[in-house]
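Take a look at the letters that make up each chain.
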Amino acid sequence: MEEYAYILDYLPQGAPSTGFGKKEPVCYALGAEEFKLFELVPKAGAMVTIGEKTFIGKDSDTMKRDIIDHVKRRITYNDLTITATSELEFAVTDIVLADQEKFIGFINNAQAISMRKHSLEELPGLGKKSLNIILDERKKGNFKDFEDLGTRTGIKAPEKLIVGRIMLEIQDPDRKHYLFIQR
């Protein structure tokens, strides 16, 4: 269950796809744990900022929910606005960098999917040569963070490999393997 989400877009006049009549303001957001997409209803008079991390979880202390009134519904990538889709990669990058331990843990513990394919090969831009370097370096000891991974393997901006994979999983609901998103 998502507790926090990153605001991707704010529509103070409501979603353009809704019919005539009174429209309520909505926000599109990305969950910070499971990368779920949401349509949220902000509180009246709340200052909503794109890129902001906000509390959306259930809590008896309503003071924690200072921006969002309630979650309206879960949505898919195709429901996002153009602004939300352009902000999505920035939000995913923020989430990955904020929780390096989790994603480096994936690199440190990833195993083979089959006899011919390793789960690290599912990361876009990572070929056999880089995979072998990672596996060899991993035998010497776990990676501490993205900087350590990059220094020991020569991979520039290794966090982009994780971000790229998460973006693929968000955009394509029919993937064979999911590494970071639960459907």
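Now for a quick tour of the structure. Every value quoted in this text rests on a predicted model; they were computed, and no experiment measured them. (Residues numbered from 1 in each chain as written. Predicted model: local features only at pLDDT ≥ 70, side-chain atom pairs only at ≥ 80, totals over all residues. Heavy atoms only, no water.)

So, on to the pattern of salt bridges. Under the definition given, this model contains 12 salt bridges. Arg73 is the partner of Glu39 in a salt bridge, and the nearest nitrogen-oxygen pair spans 3.3 Å. On the criterion of sequence distance, the pair formed by Glu39 in strand E3 (residues 37-42) and Arg73 in strand E5 (residues 68-75) is long-range, its members being 34 residues apart. Ionic pairing is found between Glu137 and Lys140, a salt bridge with its closest N-O pair at 3.0 Å. Residue Glu137 and its partner Lys140 are located together in helix H3 (residues 128-140), separated by 3 residues, close to a single helical turn. Taking relative accessible area as the criterion, Lys140 reaches 65% and is therefore assigned exposed. Overlapping salt bridges bring together Glu24, Glu39, Lys72 and Arg73 as one network. (Salt bridge = Lys/Arg side-chain N within 4 Å of Asp/Glu carboxyl O. Helix = DSSP H or I, 4+ residues; strand = E, 2+ residues; numbered from the N terminus. Buried < 20%, exposed > 50% of the residue type's maximum accessible area, 1.4 Å probe, protein only.)

What follows is about unusual backbone geometry. What you tend to see is this: most non-glycine residues have negative phi, and most peptide bonds are trans. In this model, Phe35 sits at a positive phi of 60°, which is unusual for a non-glycine residue. On the secondary structure map, Phe35 appears in the loop between strand E2 (26-31) and E3. A residue is classified by how much of its surface remains accessible, and Phe35, at 3% relative accessible area, is buried. We note that Ala157 has phi near 50°; this positive angle belongs to a residue other than glycine. Using a relative accessible area of 28% as the deciding quantity, one classes Ala157 as partly exposed.

Ranked by internal contacts, the top residues of the largest apolar core, which has 40 residues, are Leu30, Phe35, Val92, Ile162 and Ile166. Elements with a contribution of two residues or more to this core: strand E1 (4-11), E2, helix H1 (82-98), helix H2 (100-109), H3, helix H4 (146-153) and helix H5 (159-171). Among all residues touching Leu30, those that are not within four sequence positions of it are Tyr4, Ala5, Tyr6, Leu8, Phe35, Lys36, Leu37, Leu88, Ala91, Val92, Ile95 and Ile170. Listed in part, the 11 residues of the second largest apolar core include Ala29, Leu40, Ala46 and Ile67. (Core = buried A, V, L, I, M, F, W, Y, C linked by side-chain atoms within 4.5 Å. Contact = heavy atoms within 4.5 Å.)

Moving on, we get to the pairing of E1. Of all 8 residues in E1, 6 are buried, a share of seventy percent or more. Where E1 and strand E4 (residues 53-55) come together, 3 bridges link them in antiparallel fashion. Within the sheet, the bridge partner assigned to Ala5 lies in E4 and is Thr54. Relative to E2, E1 runs antiparallel, the two sharing 6 bridges. The partner of Tyr10 across the bridge, within E2, is Cys27. (Pairing = 2+ DSSP bridges.)

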